[in-house]
Amino acid sequence: MIPTVASPTLITVDQVSKHFPLPDGKGEFTVLSGVNLTVRSGEVIALLGRSGSGKSTLLRIMAGLIPPSQGQVLSNAKPLRGANNNVAMVFQSFALLPWLTVQENVELGLEARGMKREERHQRALKAIDIVGLDGFESAYPKELSGGMKQRVGFARAFVLEPEVLFMDEPFSALDVLTSENLRGEIDDLWNAHTFPSKSILIVTHNIEEAVFLADRVVILGANPGRIRGEVVIDLPRPHDRTHPRFASLVDYIYTVMTNPEIEVSGQPAVAVAPTPPVLSPYARPLPHVRVGGISGLLELIVDQPQGGDDISRLAERLQLEVDDLLPILDAAVLLDFAQVSQGDVCLTAIGQDFATTTILRSKDLFRQQSLNHVPVLSSILHTLREKPSGSMRADFFLDLWDEHFPHEEAERQFATAIDWGRYAELFEYDASEDRLYLPATPEAS
Ligand code: ADP
Ligand code: MG
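Keep in mind the model is a prediction, meaning the values are calculated, not measured.

1. Points about the site of ligand 1
Every residue lining ligand 1 is accounted for by Phe 20, Phe 29, Val 31, Arg 50, Ser 51, Gly 52, Ser 53, Gly 54, Lys 55, Ser 56 and Thr 57. Interatomic distance of 2.5 Å between a side-chain N/O atom of Thr 57 and an oxygen atom of ligand 1. Elements with a contribution of two residues or more to the shell around ligand 1: β2 (28-40) and α1 (55-62). The element contributing the most residues to the shell around ligand 1 is α1, with three residues. Here the residues of the shell around ligand 1 are counted per class, giving three nonpolar, six polar and two charged.

2. Regarding the sheet that holds strand β14 (residues 391-393)
Read from one edge to the other, the open sheet built from three strands follows the order β14-β16-β15, with strand pairing classed as antiparallel. Edge strands, defined here as strands with exactly one partner in the open sheet, are β14 and β15 (428-430). The mean inter-strand angle of the sheet, taken between neighbouring strand axes irrespective of direction, is 25 degrees. Examined bridge by bridge, β15 and strand β16 (residues 435-437) share three bridges and lie antiparallel to one another. Residue Glu 428 lies in a different strand from β16, and its bridge partner there is Tyr 437. Across the sheet, helix α14 (residues 394-402) touches β14, β15 and β16, and the angle it forms with β14 is around 60 degrees.

3. A few points about the pairing of strand β4 (residues 70-75)
Of the pairings in the sheet, the one linking strand β1 (residues 9-21) to β4 comprises five bridges and is antiparallel in character. Following the sheet pairing, Ile 11 is matched in β4 by Ser 75. Inspection of the sheet shows β4 paired to strand β5 (residues 78-79) by two bridges, in the antiparallel sense. When the bridges of β5 are listed, Ser 75 appears paired with Lys 78.

4. A look at the sheet that holds strand β13 (residues 344-347)
Judged by pairing direction, the sheet is antiparallel, and its three strands sit side by side in the order β11-β13-β12 without closing on themselves. Of all strands in the sheet, those with a lone pairing partner are β11 (308-310) and β12 (338-341), marking the two edges. When strand polarity is set aside, the average angle formed by the axes of neighbouring strands in this sheet is 20 degrees.

5. Some remarks on the packing of helix α8 (residues 291-302) against helix α10 (residues 322-334)
Between α8 and α10, the least distance of the axes is 9 Å, while the angle of their chain directions is 90 degrees. The angle between α8 and α10 falls in the class roughly perpendicular. Across from Gly 293, Ile 294, Leu 297 and Leu 298 in α8, the residues of α10 making contact are Leu 325, Ile 328, Leu 329, Ala 331 and Ala 332. For the contact of α8 with α10, a count of residues per class yields eight nonpolar, one polar and no charged.

Thresholds applied
- Residues numbered from 1 in each chain as written.
- Chains lettered and ligands numbered in written order.
- Predicted model: local features only at pLDDT ≥ 70, side-chain atom pairs only at ≥ 80, totals over all residues.
- Heavy atoms only, no water.
- Near = heavy atom within 4 Å.
- Polar contact = N/O pair within 3.5 Å; in protein donor to acceptor, adjacent residues only side chain to side chain.
- Helix = DSSP H or I, 4+ residues; strand = E, 2+ residues; numbered from the N terminus.
- Nonpolar A, V, L, I, M, F, W, Y, C, P; charged D, E, K, R; others polar.
- Pairing = 2+ DSSP bridges.
- Axes fitted to C-alpha atoms, helices over the stretch in contact; angles between N-to-C directions.
- Contact = heavy atoms within 4.5 Å.
- Parallel < 35°, antiparallel > 145°, perpendicular 65-115°, else oblique.

And the structure:
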């Protein structure tokens, strides 16, 4: 049921930005920038983005749990003030109260709305029935498996009969079979027109899940979080995973997500915010992967008959989540060890060399590529070389990252840079003194 333009708009996100103060107290960290989105009656929207791209923040703003810094949210054409009563949320963490039974957990939201006991009771029983938990009404959460806990999570949202159901990575905490099962049941309810809300907005970092469930996939870019565009899933429902178009949509979205510069083609219903020019090398985030992870992946790819691989098959073969695979691919692309296009990854000549050579030469290659393609590593090296002592307090560098990232992320950037710099033998880090040093015999660059 793909809605038409005539379908009523339930929620409008209008030029929403969100900033949080930076730990240095001077600046702000922009999590979302100029986001526009509409949720219409009768549609399932997947909001797809990597972790940290601001998906949960956007959902919380749309639910009225936190205010935007700029812009506004309209719910049924009225500006949203406070909590949005037209939505209910299913969380990844289930968020059940352990001291209440299944029935009491489900009734909780109705009680908060002041509904009478008998009606509450009847509605909760109905919701519990829909999610297949008949007979478990008086069980406590600790007696339930993860899948059953999340069924309670769904029942608690269903019972509110929200216009729009929000789900924030609802299947991510479950094992593969359980999540597959529950995802299928949710899809069945929707396809049978027995779903207790008019629309669904699901946040996910799983591309296949997005293509399976959604009528359109809205792709969020990071740093700052902004909408890059959307892809319409023009498949009959239920979306058949063996349909060739399913695979090509998944491939296309993989390509988009591994290439931040690509403009998303499809229905450009949303404006693509221009990426601000990046000046400082410390503003460009390093993907958080260890060098061993990069060489491991390249070795796996180079072993493939054509020296290349389809990314979704690769993820499947490695039993890796997209979130784990993409940063490794990013690092390989950043270092010019690999190229990604049309959902395929293939190694460059240097990448093939790196994957197959001796450890000594692979260090040389890694150093060469780091200095040529990772400005922050050459910047650190130059700073150290300018000091007669060849050493510098780590804080100095951490402060530079702090200007661009929340403190925790700044620390992770530092740790990743140290890992890469050490492997390349560009510099050393002494944790007890918290200082960086040039190696004993500095390498020529
Ligand atoms: P996602 O759900 O896509 O993984 P989030 O919306 O949870 O992303 O977070 C996006 C970014 O915003 C992250 O870098 C996170 O650290 C930051 N962030 C989220 N909430 C806050 C907050 N209350 N204060 C400071 N930073 C925050
Ligand atoms: Mg999140």
